[in-house]
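Descriptive analysis of the structure
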Amino acid sequence: MCIVDKFKLSQIELRQIAADCCRQIECGANGQPSCFKMLQSYLPLPTGKEVGRYIALDFGGTNMRALLVELNGGAHISIIKSVAHKIPVQLMKSNANAQQLFEVIAMMVAKVATEQGGYPLAHTFSFPVSQINANQGVLVEWTKEFATAGVVGQCVNTLLEQALLLLGMDNIRPVVLLSDTVATLLAAAYTDSNTLIGSICGTGHNTAFYDRNHNMIINLESGNFNFMPSNEYDLQLDAASSNPGRQRLEKMVAGRYLGELFRLALARADFSEPFALDTQLLSDIISGQDIRFSVAERELAVSIVQRAASLVGASYAGVLLYLNVDKEQLCSIAVDGSLYEKMPLYAQGIQSTLDILCGERAKYIRVFAENRGSSVGAAVAAALVEIAAQGKERPC
Ligand code: BGC
């Protein structure tokens, strides 16, 4: 079999992946063993009328940002201040610790907090967190090759609060901790009430959905799905990763890994160093901006990206199967992340897989880019928590 064929998936395989994904959600929902963590967000859908000024902090896979956001209902949103930095690579390593990491985060928050301060803070933290309420939760495990010591098993917002206090910011109050998938869903749902699914296709991969039975958004941690065929390069990548056997879907579809998968399949002596090729390179090769690679090598890059998009599309089809929405009900899927926005063939591949797997139903499904999760989505989450805490009637 040629290398490119090892990255091809048949329609039958994609259908099976969607069915397995649905079955795994059912197992998780019924308290049976599942590859999905099914983490509760303690957040419902917004009405679109939530208002207020909030600090939104975003700690993702590659970047971190802090913003001061004002919600005025519907499309009336202002970003008053914003700062962004790359997460320093040395802070992701096991010889860095929680205090060092959260100090850097708190220093960034200080830049958007005004002298009067006092704004509730919403923390979008893009890693698996097991929550006991909307504001408190412990990091279950690191993903995306992070390994900072002293964070797993700890309450994430307590670490943040301690760091804020050490910098004298006792007027900044974390009120909500949420996944980036949940934030993406909330941002889209703030203006489009048909949004039932939020997903990230960036450095990492994950999906959340609205569970109408419990009136709560559930974070699947779908990057850990593992019911799909894998080839020898997937196995090599997994074995050399920081979390072998875990996050198997993520390792086939996410930006942290696609460049490495390409490098392993390419097997060229001049690229012998792990992670020597990044995912941006795949984008440049496919779009013809990097012409150092042969036609066959370009074809390999294309097949890796197409497989990634098909797998993501099949997983969305699985979530839709589980949601079992009425046949002609509109359903929006909001997606954020650099791969979805920028990687050639990626968004298109997700859509064509959904078209194939959902048949007639596909015309009622809208997949679209939503990149305001960590700003608007986070602020909406804070507003929802504030409304619940004040025992106020939700605006209707
Ligand atoms: C994390 C998820 C996150 C996703 C996208 C994954 O590695 O486990 O919590 O939502 O990346 O950022």
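Everything discussed here concerns the structure shown above.
For the structure shown, the criterion picks out three cavities of 30 Å³ or more. Each pocket or cavity is described by its volume, and for the largest cavity that value is around 110 Å³. Ser-126, Lys-144, Asp-180, Asn-206 and Glu-221 are the residues nearest the centre of the largest cavity, which is lined by 16 residues in total. Looking at the lining of the largest cavity, its residues break down into four nonpolar, eight polar and four charged. Counted as a void, the second largest cavity has a volume near 90 Å³.

If you add up the space inside the largest pocket, you get close to 1300 Å³. Lining the largest pocket are 45 residues, with Gly-61, Thr-62, Asn-63, Thr-203 and Ser-338 sitting closest to its centre. Contributions of two or more residues to the lining of the largest pocket are made by β3 (63-72), α4 (180-191), α7 (255-266), α8 (279-286), α10 (338-342) and α12 (373-389). Broken down by element, the residue count for the lining of the largest pocket peaks at five residues, all from α7. Here the lining of the largest pocket is composed, by residue class, of 12 nonpolar, 20 polar and 13 charged. As a volume, the second largest pocket reaches approximately 270 Å³. In this structure, the second largest pocket is lined by 16 residues; those nearest its centre are Leu-14, Gln-306, Ser-310, Ser-352 and Thr-353. Going through the elements one at a time, α1 (11-29), α9 (295-323) and α11 (346-358) are the ones with two or more residues in the lining of the second largest pocket. Among the elements that line the lining of the second largest pocket, the one with the most residues is α11, at five residues. For the lining of the second largest pocket, a count of residues per class yields five nonpolar, nine polar and two charged.

Attention now goes to the site of the ligand. Lining the immediate environment of the ligand, one finds 15 residues, of which Thr-143, Lys-144, Asp-180, Glu-221 and Glu-250 sit closest. Between Glu-221 and the ligand, the recorded distance is 2.5 Å, taken from a side-chain N or O atom to an oxygen atom. When the ligand sits alone it has 310 Å² of accessible area, and the protein chains cover 98% of it. With respect to the pocket detection grid, the ligand is positioned in the largest cavity.

The next subject is the sheet that holds strand β11 (residues 216-219). Sheets are built from strands that pair by backbone hydrogen bonding, the pairs being arranged parallel or antiparallel. Pairing is mixed across the open sheet formed by six strands, whose spatial order is β1-β11-β10-β9-β12-β13. Each of the sheet's edge strands pairs with one partner strand only, and the pair in question is β1 (39-40) and β13 (365-369). The pairing of strand β10 (residues 205-211) with β11 spans four bridges and is classified as antiparallel. Across the sheet, Phe-209 pairs through a bridge with Ile-218, a residue of β11.

Across its 29 residues, α9 extends 42 Å between first and last C-alpha, which sits within 8% of the 42 Å expected from 1.5 Å per residue. Following α9 by one or two positions, Asn-324 adopts a phi angle in the positive range, close to 50°.

With that out of the way, let us pick up the packing of helix α5 (residues 232-240) against α7. A pair of packed helices is characterised by two quantities: the angle between their axes and the separation of those axes. Direction vectors running N to C along α5 and α7 enclose 120°, while the axes themselves pass 9 Å from each other. Considering their axes alone, α5 and α7 lie oblique with respect to each other. Here the hand of the crossing between α5 and α7 comes out right-handed. Within the contact between the two elements, α5 uses Tyr-233, Asp-234, Gln-236 and Leu-237 and α7 uses Tyr-257, Glu-260, Leu-261, Leu-264 and Ala-265. Residues that form the contact of α5 with α7 fall into these classes: six nonpolar, one polar and two charged.

This next bit is on unusual backbone geometry. Unlike most non-glycine residues, Glu-221 shows phi in positive territory, near 55°. Structurally, Glu-221 is set in the loop between β11 and α5. Using a relative accessible area of 5% as the deciding quantity, one classes Glu-221 as buried. Even without a glycine there, the phi angle at Ala-267 is positive, about 45°. Positionally, Ala-267 belongs in the loop between α7 and α8. In this structure Ala-267 comes out as exposed when scored by relative accessible area, which is 65%.

What follows covers the pattern of salt bridges. Scanning the entire structure with this criterion turns up 17 salt bridges. Two residues, Arg-268 and Glu-297, come together in a salt bridge whose shortest N-O distance is 3.1 Å. Residue Arg-268 is located in the loop between α7 and α8, and its partner Glu-297 is located in helix α9; the two are separated by 29 residues in the primary sequence. The exposure class assigned to Arg-268 is partly exposed, which follows from its relative accessible area of 24%. In this structure, the salt-bridge partner of Asp-290 is Arg-292, at a minimum N-O distance of 2.7 Å. Here Arg-292 falls in the exposed class, since its relative accessible area comes to 57%. Connected through shared salt-bridge partners, Lys-37, Glu-141 and Arg-246 make up one network.

About the criteria used
- Counting of residues starts from 1 at the beginning of each chain's written sequence and follows it residue by residue.
- Only residues with pLDDT of 70 or above have their local features reported here, since the model is predicted, and side-chain atom pairs are shown and tallied only from 80 upward, although totals for entire chains, interfaces and linings are computed over all residues.
- Processing note: side-chain calculations cover all non-hydrogen atoms of the structure and skip hydrogens and water entirely.
- Of the two site types, the cavity is a set of points on a 1 Å grid over the protein atoms alone where a 1.4 Å probe fits but cannot get out, and the pocket is an open set with protein on both sides within 12 Å along at least five of seven lines, each lined by residues with an atom within 4 Å of a point.
- Grid points are joined across faces, edges and corners, and a volume is the space filled by probe spheres set on the points.
- Each residue is assigned to one class: nonpolar for Ala, Val, Leu, Ile, Met, Phe, Trp, Tyr, Cys and Pro, charged for Asp, Glu, Lys and Arg, and polar for all the others, Gly among them.
- By the criteria applied, helices consist of DSSP H or I runs no shorter than four residues and strands consist of E runs no shorter than two, each listed in order from the N terminus.
- Near residues are defined by distance, with any heavy atom within 4 Å of the molecule or strand qualifying the residue.
- Polar contacts, as used here, are pairs of N or O atoms within 3.5 Å; protein pairs need one atom able to donate a hydrogen and one able to accept it. Residues neighboring in sequence count only if both atoms are side-chain atoms.
- Residue burial considers only the protein chains on display, and all accessible areas are found by Shrake-Rupley using a 1.4 Å probe.
- Here the criterion for a molecule occupying a pocket or cavity is that more than half of its atoms lie within 2 Å of the pocket grid points.
- When DSSP finds at least two bridges between two strands, those strands are taken to pair.
- The length a helix should cover is 1.5 Å for every residue beyond the first.
- Angular values range over 0 to 180 degrees, each being the angle between N-to-C directions of two axes fitted as lines to C-alpha atoms, with helices fitted over their stretch in contact.
- Should an angle fall under 35 degrees it is taken as roughly parallel, and over 145 as roughly antiparallel, whereas 65 to 115 is taken as roughly perpendicular and any remaining angle as oblique.
- Crossing handedness is defined as follows: a turn of the near helix away from the far one that is anticlockwise and smaller than a right angle gives a left-handed crossing, while the clockwise case is right-handed.
- Two residues qualify as a contact provided that any one of their heavy atoms is within 4.5 Å of a heavy atom in the partner residue.
- A simple rule labels every residue: compare its accessible area, found with a 1.4 Å probe on the protein chains alone, to the largest value its type can have, and call it buried under 20%, exposed over 50%, or partly exposed in between.
- Whenever a carboxyl oxygen of Asp or Glu lies within 4 Å of a side-chain nitrogen of Lys or Arg, that contact is scored as a salt bridge.

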